[in-house]
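Structural overview
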Amino acid sequence: MKIHEYQAKEILAKYNVAVPNGILVNDASEAQAAARKLGTSVVVVKAQIHAGGRGKGGGVKLAKSPEEAEKYASDILGMTLVTHQTGPEGRLVKKVLVEEGMPIERELYLGIVVDRQTSRVLIMASEEGGMEIEEVAEKTPEKIFKEVIDPVIGVKPYLARKIAFALNLEGDHLKKMVPFIINLYNCFVKEDLDMLEINPLVTTSDGRVLALDAKVNIDDNAMYRHKDTQEYRDLDEEDPLEVEASKFHLNYIKLDGNIACMVNGAGLAMATMDIIKHSGGEPANFLDVGGGANEEMIENGFRILLSDPNVKAIFINIFGGILRCDILARGVVAAAKNLAVKVPIVVRMEGTNMEEGHAILKESGMNFVIGNGMKDGARKVVKAIQ
């Protein structure tokens, strides 16, 4: 689950990770009072959306007076902010964070992720703060320091000092960076995060170390352990179809193509999208109905697929195990009739009760196309829209 910057900083503050003081504003008229309350000569007005690159898109402004803070808040609130992460459609800004300005001395980078290669937590640090880490990794990978963390030992002071030395810190900044890194790691583990990025992490001329910006992703599978954090979910920042799918325990991700995919299992979903591309088509989505799907879930899945106006055909690719092929077939027939589906439907099913499933489709009186294997099914669905 993605959360806003101001929410990420609320979590970090619970673990004694230093963050600037800030006030969330939903109306431009509140920005001037917020700037006065913060009491610094400079404040930063920052758009709150689930995307990076806000500054380049005009969503971060430096205000040198409370009046200027109100003006910038007025400009940003209600704007459609387009960044490299939002896509060309952009995101509507509904709230801004008014934050105290800092006497920045250096901008650094610190990130914590789960490394899939080692199945361990990885801490990345770089002196190239304020830049996109992907750009640094591409052009100057030697400037990124990486440390894989032993889950039994965790981050002890000696390891935090090693990371701080890699950032060329010394004096008060070095002393403060050690607990900063330890607290950041504790936050990552205890809050079940799968990504935590501080960019920039700043040192100030008055000796402080702060998370000037914070980007946090929380592991959806661990949300049951964090009832308070569930309130951070902002449905306005999510795709409406993905939100609707989650209500029915369906895993749905919208893509840019025109061939809808219904599968059971994430691995099969990835393979299905690949073979559609290989056959000359473009997948419109990732929809995993899971192993325990029933006829109602299948119909809801169809309804969500057809809510995308770009969908010109549906490819159903199911391996019958827990979800038997006859149950799938009945659900497909019912959904096609109830929703008056007009687009071509190609079905490839193998596994438990496959013959019964094929018989149900053939006897339905509807024009389903049967795929003899994934490759044949993918070719047929691509041909159906040509």
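An account of the accompanying structure is given in this report. (Residues numbered from 1 in each chain as written. Predicted model: local features only at pLDDT ≥ 70, side-chain atom pairs only at ≥ 80, totals over all residues. Heavy atoms only, no water.)

All right, on to a nonpolar patch on the surface then. There is a patch of nonpolar side chains on the surface, built from Val-152, Ile-153 and Tyr-158 and spanning about 340 Å² of accessible area. Within the secondary structure, Ile-153 is located in the loop between strand S9 (144-149) and helix H5 (157-166). (Patch = residues over 30% accessible without salt bridge, like charges linked within 9 Å, V, L, I, M, F, W, Y side chains within 5 Å. Areas by Shrake-Rupley, 256 points an atom, 1.4 Å probe, with all protein chains shown as cover. Salt bridge = Lys/Arg side-chain N within 4 Å of Asp/Glu carboxyl O. Helix = DSSP H or I, 4+ residues; strand = E, 2+ residues; numbered from the N terminus.)

Below, the discussion takes up helix H8 (residues 266-278). Here H8 spans 18 Å end to end across 13 residues, near enough to the 18 Å set by a 1.5 Å rise per residue. Within the sequence span of H8, burial applies to Leu-268, Ala-269, Thr-272, Met-273, Ile-275 and Ile-276. For H8, the angular spread of buried residues about the axis comes to 165 degrees, placing them on one side. When the buried face of H8 is taken as reference, the exposed residues oriented beyond 90 degrees from it are Gly-267, Asp-274 and His-278. Taken together, the buried residues of H8 touch strand S14 (259-263), strand S15 (285-288), strand S16 (313-320), strand S17 (345-351) and helix H12 (374-384). Positive backbone phi, approximately 100 degrees, marks Gly-280, located one or two places after H8. (Expected span 1.5 Å × (residues − 1). Buried < 20%, exposed > 50% of the residue type's maximum accessible area, 1.4 Å probe, protein only. Arc of directions from axis to C-beta. Contact = heavy atoms within 4.5 Å.)

The next point concerns helix H6 (residues 171-190). Look at H6: 30 Å from first C-alpha to last across 20 residues, which is about the 28 Å you get at 1.5 Å a residue. Those residues of H6 that fall on the buried side of the exposure criterion are His-173, Leu-174, Met-177, Val-178, Phe-180, Ile-181, Ile-182, Asn-183, Leu-184, Tyr-185, Cys-187 and Phe-188. Downstream of H6 by one or two residues, Asp-192 has phi in the positive range, about 55 degrees.

Let us now look at the sheet that holds strand S2 (residues 43-47). Here four strands make up an open sheet; going across it, the order is S1-S6-S2-S3 and the pairing antiparallel. Bordering the open sheet on either side are strand S1 (22-25) and strand S3 (60-63), each of which pairs with just one other strand. Taking the axes of each pair of neighbouring strands and ignoring which way they run, one obtains an average angle of 20 degrees across the sheet. Relative to strand S6 (residues 96-100), S2 runs antiparallel, the two being bridged by five bridges. Looking across to S6, one finds that Val-44 is bridged to Glu-99. Lying on the sheet, helix H2 (residues 28-38) is in contact with S1, S2 and S6; it crosses S1 at an angle near 170 degrees. (Pairing = 2+ DSSP bridges. Axes fitted to C-alpha atoms, helices over the stretch in contact; angles between N-to-C directions.)

Of note, Arg-54 is situated in the loop between S2 and S3. The exposure class of Arg-54 is buried, given its relative accessible area of 8%. In terms of polar contacts, Arg-54 uses its side chain to reach the side chain of Glu-5, at 2.9 Å. Beyond its immediate sequence surroundings of up to four residues, Arg-54 is in contact with Glu-5, Lys-46, Ala-47, Gln-48, Ile-49, Gly-59, Val-60, Leu-81, Thr-83 and Asp-213. (Polar contact = N/O pair within 3.5 Å; in protein donor to acceptor, adjacent residues only side chain to side chain.)

The N-to-C vectors of helix H10 (residues 325-338) and helix H11 (residues 354-362) enclose an angle of 15 degrees; their axes lie 7 Å apart at closest approach. One finds that H10 runs roughly parallel with respect to H11. As H10 packs across H11, the resulting crossing turns out to be right-handed. Here H10 contributes Cys-325, Asp-326, Ala-329, Arg-330, Val-332 and Val-333 to the contact with H11, which in turn contributes Met-354, Glu-356, Gly-357, Ile-360 and Leu-361. (Parallel < 35°, antiparallel > 145°, perpendicular 65-115°, else oblique. Left-handed = near helix turned anticlockwise from the far one by under 90°.)

Packing of H8 against H12 leaves a shortest axis separation of 9 Å and a crossing angle of 55 degrees. On the basis of the axis angle, H8 is oblique to H12. As for the relative orientation of H8 and H12, their crossing is right-handed in sense. Between H8 and H12, the contacting residues are Leu-268, Ala-271, Thr-272, Ile-275 and Ile-276 on the first element and Met-374, Lys-375, Ala-378 and Val-382 on the second. For the contact of H8 with H12, the per-class residue count stands at seven nonpolar, one polar and one charged. (Nonpolar A, V, L, I, M, F, W, Y, C, P; charged D, E, K, R; others polar.)

The subject of this paragraph is the environment of Leu-81. For Leu-81, the position within the fold is in strand S4 (residues 80-81). In this structure the C-alpha to C-alpha distance between Leu-81 and Glu-127, which are 46 residues apart in sequence, comes to 28 Å. Contacts of Leu-81, omitting those with residues within four sequence positions, involve Ala-47, Ile-49, Arg-54, Gly-57, Gly-58, Gly-59, Thr-86, Gly-90, Arg-91 and Val-93.

With respect to the helices and strands, Glu-296 occurs in helix H9 (residues 295-306). Residue Glu-296 is classed as exposed on the basis of its relative accessible area of 56%.

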